[in-house]
Number of protein chains: 2
Amino acid sequence: MKRRDFGHRPGCAVETTLDLIDGKWKGVILYHLQGGTQRFGELRRRMPGITQRMLTKQLRALEEDNLVVRKVYAEVPPRVEYRLSEIGESLRPVIDILKAWGEGHQGRLSCAVPDVVEAPDRAA
Amino acid sequence: MKRRDFGHRPGCAVETTLDLIDGKWKGVILYHLQGGTQRFGELRRRMPGITQRMLTKQLRALEEDNLVVRKVYAEVPPRVEYRLSEIGESLRPVIDILKAWGEGHQGRLSCAVPDVVEAPDRAA
């Protein structure tokens, strides 16, 4: 276990949090799980811009960081559910403020998903 | 200019904000600029884990996103200073909460910088 001296590296705390929610998808997944337990397919439907492979990868990373708990039910076909861990829940205010800031700057939106609507000034 | 329908894609707001501060360094740079205008060399000293090339690249990206303002003074040698734009300033509460969460989870710190101290339980 490695430790840091925060006194000399205050930026490290910012870096640590961003490490956990980086690559944009993780934060979005955490946001959707704030609504409660979700099956893989449900998450997928809520995030049209992500591939199945990427969603799997990001969920695995979140599980490894103990932010998300994966539960497999022994059914046929097997049911797999994801929910926030206690630490994942503690990120709720962080995710909330990311969302609030983004909503306040709608003009900057850049989400790479297929449901793009051209604004009137550029419409054909 | 592309626009989004937030009603159908609430996660997009989270994604947008993370897009702007992603890759962990941008958030750290914004954090350091919250203290006021900084020269390139000052920023570099505050972030021992980043290379000169990466810092240049990230500052350029922040400038393109209008979060950071770069000012060159016609001196010899030229003086280059960076400060937060108005939009960059508006991210202050976001950066603050990223920092607060990281500080509250010191055990998870993973900053890749040289000043690592081994915890007593693993010390030789």
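In what follows, the accompanying structure is described. (Residues numbered from 1 in each chain as written. Chains lettered and ligands numbered in written order. Predicted model: local features only at pLDDT ≥ 70, side-chain atom pairs only at ≥ 80, totals over all residues. Heavy atoms only, no water.)

Brief notes about the packing of helix H1 (residues 11–21) of chain B against helix H2 (residues 25–33) of chain B
Residue and element names in this part refer to chain B. Counted only if it meets this: Helix axes are fitted only over the stretch in contact, all axes being lines through C-alpha atoms; the angle between N-to-C directions runs from 0 to 180 degrees. By definition, any uninterrupted DSSP run of H or I lasting at least four residues is a helix, any uninterrupted run of E lasting at least two residues is a strand, and each is numbered from the N terminus. Roughly parallel refers to an angle under 35 degrees, roughly antiparallel to one over 145, roughly perpendicular to one between 65 and 115, and oblique to any angle outside these ranges. Should any heavy atoms of two residues lie within 4.5 Å, those residues are counted as being in contact.
Where H1 contacts H2, the two axes come as close as 6 Å, and the packing angle between them is 75°. Here H2 runs roughly perpendicular to H1, going by the angle between their axes. Residue-level contacts link Asp19, Leu20 and Ile21 of H1 to Lys26, Gly27 and Leu30 of H2.

So, the packing of helix H6 (residues 92–104) of chain A against H1(B)
As a reminder, the rule being used: Throughout, the ten residues Ala, Val, Leu, Ile, Met, Phe, Trp, Tyr, Cys and Pro are labelled nonpolar, Asp, Glu, Lys and Arg are labelled charged, and all others, Gly among them, are labelled polar.
It is the contact of H6(A) with H1(B), at a shortest axis distance of 7 Å, that shows an interaxial angle of 90°. The angle between H6(A) and H1(B) places the two elements in the roughly perpendicular class. Here Ile95(A), Leu98(A), Lys99(A), Trp101(A), Gly102(A) and Glu103(A) of H6(A) come into contact with H1(B), specifically with Ala13(B), Val14(B), Thr17(B), Leu18(B), Leu20(B) and Ile21(B). Its residues placed into classes, the contact of H6(A) with H1(B) shows 8 nonpolar, 2 polar and 2 charged.

Some remarks on the environment of Gln34(B)
Residues and elements named next belong to chain B. Within the secondary structure layout, Gln34 lies in the loop between H2 and strand S2 (38–39). Residues Gln34 and Arg83 lie 49 residues apart in sequence; the distance between their C-alpha atoms is 8.1 Å. Excluding residues that lie within four positions of it along the chain, Gln34 makes contacts with Leu84, Leu91, Arg92, Ile95 and Asp96.

Here we look at H1(B)
Working note: α-helix, 3.6 residues per turn, so residues spaced by three or four point in the same direction. Which entries qualify depends on this criterion: Burial status follows relative accessibility: with a 1.4 Å probe on protein chains alone, a residue under 20% of its type maximum counts as buried, one over 50% as exposed, and anything between as partly exposed.
A large share of H1(B) lies buried, amounting to 11 of its 11 residues. Tucked into the core, H1(B) has its buried residues touching helix H1 (11–21), helix H2 (25–33) and H6 of chain A together with H2, helix H4 (52–64) and helix H6 (92–104) of chain B. Looking one or two places after H1(B), you find Gly23(B), whose phi comes out positive at around 65°.

Considerations on the pattern of salt bridges
Definition in use: For this document, the term salt bridge refers to a Lys or Arg side-chain nitrogen within 4 Å of an Asp or Glu carboxyl oxygen.
Counted under the stated rule, the structure contains 8 salt bridges over all chains. Note that Arg79(B) and Glu81(B) form a salt bridge whose closest N and O atoms lie 2.7 Å from each other. Take Arg79(B) and Glu81(B): they sit in the same class, and that class is buried. Within this structure, Glu75(A), Arg79(A) and Glu81(A) form a network of salt bridges that share partners.

Some words on H1(A)
Here H1(A) lies mainly inside the structure; 10 of its 11 residues are buried. Packing partners of the buried residues in H1(A) comprise H2, helix H4 (52–64) and H6 of chain A together with H1, H2 and H6 of chain B.

Describing the pairing of strand S4 (residues 79–84) of chain B
Residues and elements named next belong to chain B. Cut-off, in case you're wondering: Strand pairing is assigned whenever DSSP detects at least two bridges linking the two strands.
The pairing of S2 with S4 spans 2 bridges and is classified as antiparallel. Bridge pairing links Arg39 to Glu81 in S4. Bridging between strand S3 (residues 68–73) and S4 involves 6 bridges; their strand directions are antiparallel. Residue pairing for S4: Lys71 is matched across the bridge by Glu81. Counting the residues between successive antiparallel strands, the hairpin from S3 to S4 contains 5 residues.

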